[in-house]
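# Observations on the three-dimensional arrangement
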Amino acid sequence: MDRVVQERVLGVILGGGRGARLWPLTRDRAKPAVPIAGKYRLIDIPLSNCLNSGVHEVAILTQFKSASLHRHVTQTYHFDLFHPGWVQILAAEQTTTNLDWYQGTADAVRKQLEELEVTGAENLLILAGDHLYRMDYTVLTEFHQAHQADVTVAVRPVSRRDAARFGILRMDSSGRINAFAEKPRDEAQLNELVSRDDPELPLVGSMGIYLFRKEALLELLQGPHDDFGGHVLPAAIHSHRVFGYTFSGYWEDIGDIRSFYEANLALTLPDPPFSFHDPVRPIYTRPRLLAASRIYDVCLDRVLLADGCIVHGADLTRTVVGIRSVISDGVRLRETIIMGADYYEPEEVFPPASGPPIGIGEGCDISGAIIDKNARIGPRVRIEPFPPGTDLDGDPWLVRDGIVVLPKNAVLPAGTQIGPDVG
């Protein structure tokens, strides 16, 4: 089946817009380029799922702050003469006939139709770049073909409480979708969309994964439809054969700070809900020539430790430590994500005259935080989480849903105190 999928399916990954819900992690990069699990990028998830499913031709549609995403993709995903395939980046561009940027997910595909059509693919697999999951798209394609579907939507059971986060749909006994509402909140409307005899998970939600027959997609994009969830799917169920493929595995939308934070910390559990250690369907990323991490006199409990780190005299619990992280003596980290660094500073310039070196300085006590790449945290800094729901804009730090976020390249002077009780 892999050969059939390879020949007939083109993967299309939506690179996202400004990524406002993940700000400030998206201040300097596109959302799919945000680091995850210490050494990967979000884009690695859908790309790896494609490659593991025999989908070896993938187009990535980008627009906002895409330089780091371009660099990561071009340095990572290469094919040879004996394994044909390609990963191509299609950036938004102005032309003599179109001066607008992408106006939505469907509009992004519409503006790149000429490039996508020349591939000769019979089906287009539309994917998001900010989801954490492992899926065999071969099974999805078999379902799509068996039901002679024009559109197949990957779906999962959803509770009433979470309905406002998803496109909610109703399916009949054959799996055909006959009603759809984008992020509904009205109780009467939710009652009409109940598809499952399960009081805990009575609804069915779209996962933002769509498999289109090419001709059907061309027809649907003729109309004034800018978004797949808000426009294309509601129109398609009245004119085309639209089916729902139920997915039962782990899937998490990590499009906001809270979900990103919790999904990362869940990876530190002894039996995580998503594992990067699968030997059969691995998650690929850029190979780096980094030395093994060095740790001295360190207490580690439920820690994800990436390559090339230097940690000494520290106490880490339920923490993700990204590549090239430097953590000094006496540091205490709890439920924190350290994204690491893009480079090492030569030891002879420690500490630089402009401030503390890259990494976590001596005696810091940090919990409930996300520390983006290349951050410089001086000695004796203290960071504590705020109550959930709290949003603040400090300098240079921010708080989103109670989580303290230090942006990329930020500097915290020695002795800085951040928290609800320390100001």
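This text goes with the structure placed above it.
Position numbers for residues start from 1 in each chain and track the written sequence from start to end. Note on the predicted model: pLDDT of at least 70 is required for a residue's local features to be given, and 80 or more for side-chain atom pairs to be given and counted; whole-chain, interface and lining totals, by contrast, use all residues. Derived side-chain values reflect all non-hydrogen atoms in the structure, with water molecules and hydrogen atoms excluded from consideration.

For the rest of this paragraph, the subject is the side chain of Ser 53. Position of Ser 53 relative to the elements: it lies in the loop between α2 (44-52) and β4 (57-62). Since its relative accessible area comes to 0%, Ser 53 is described here as buried. For the purposes of these results, a polar contact is taken to be a pair of N or O atoms within 3.5 Å, where, inside protein, one atom must be able to donate a hydrogen and its partner to accept one; residues adjacent in sequence count only when each atom of the pair is a side-chain atom. Side-chain polar atoms of Ser 53 contact the backbone nitrogen of Tyr 137, separated by 2.9 Å. Polar contacts involving the side chain of Ser 53 include one to the side chain of Arg 281, which spans 3.3 Å. Each helix corresponds to a stretch of at least 4 residues labelled H or I by DSSP, and each strand to a stretch of at least 2 residues labelled E; elements are numbered beginning at the N terminus. For each residue, the accessible area found with a 1.4 Å probe, counting protein chains only, is set against the maximum for its type, and the residue is called buried under 20%, exposed over 50%, and partly exposed in between.

This part is about the pattern of salt bridges. Throughout this description, the term salt bridge denotes a Lys or Arg side-chain nitrogen within 4 Å of a carboxyl oxygen of Asp or Glu. Here the structure, examined in full by the defined rule, presents 26 salt bridges. When the shortest N-O distance is used, the salt bridge between Asp 256 and Arg 21 registers 3.9 Å. Taken as a pair, Asp 256 in the loop between β13 (251-253) and α10 (257-266) and Arg 21 in the loop between β1 (9-14) and β2 (35-36) lie far apart in primary sequence, 235 residues in all. We classify Asp 256 as partly exposed; its relative accessible area is 26%. Accessibility expressed as a relative area gives 48% for Arg 21, which makes it partly exposed. Counted as one network, the salt bridges with shared partners bring together Asp 107, Arg 110 and Lys 111.

This brings us to helix α9 (residues 228-239). Those residues of α9 that fall on the buried side of the exposure criterion are Phe 228, Gly 229, Val 232, Leu 233, Ala 236 and Ile 237. Viewed along the axis of α9, the buried residues span an arc of 125°, placing them on a single side of the element. By definition, the arc is the one covered by directions from the helix axis to the C-beta atoms.

What follows covers a nonpolar patch on the surface. A grouping of Ile 295, Leu 300 and Leu 305 is seen on the molecular surface, where their side chains present a nonpolar patch of about 220 Å² in accessible area. Within the secondary structure, Ile 295 sits in strand β14 (residues 294-296). Patch membership needs two things, relative accessible area over 30% and no salt bridge, and members are linked within 9 Å if like-charged or within 5 Å if nonpolar (Val, Leu, Ile, Met, Phe, Trp, Tyr). To be clear on the numbers: accessible area is Shrake-Rupley with a 1.4 Å probe, and residue cover counts the displayed protein chains and nothing else.

Buried residues of nine kinds, namely Ala, Val, Leu, Ile, Met, Phe, Trp, Tyr and Cys, make up a nonpolar core once their side-chain atoms join them within 4.5 Å. Within the largest apolar cluster, 66 residues are counted, with the highest numbers of intra-cluster contacts made by Leu 25, Ile 60, Ile 209, Phe 276 and Ile 370. The element best represented in this core is α10, accounting for five residues. Contact between two residues is taken to exist if any of their heavy atoms lie within 4.5 Å; hydrogens are not considered. Non-local contacts of Ile 370, meaning those with residues more than four positions away in its chain, are made with Leu 25, Ile 257, Phe 260, Tyr 261, Ile 337, Met 339, Ile 403, Val 404, Val 405 and Leu 406. Residues Val 12, Ala 59, Val 204 and Phe 212 belong to the second largest nonpolar core, which totals 34 residues.

This part takes up the environment of Lys 183. Tracing the backbone through its elements, the reader meets Lys 183 in the loop between β10 (177-182) and α7 (187-192). Residues within four places of Lys 183 in sequence aside, it is in contact with Ala 163, Ala 164, Arg 165, Phe 166 and Gly 167.

Another point: the side chain of Asp 253. Mapping Asp 253 onto the fold places it in strand β13. Of the side chains with opposite charge, Arg 21 comes closest to the buried, unpaired Asp 253, at an N-O distance of 4.1 Å. Here Gly 255 takes part through its backbone nitrogen, which lies 3.0 Å from a polar atom of the side chain of Asp 253. Once you skip the residues sitting within four places of it in the chain, Asp 253 turns out to touch Arg 21, Asp 130, His 131, Arg 165 and Ser 259. We count Lys and Arg on the positive side and Asp and Glu on the negative side, and we leave His and both chain ends out.

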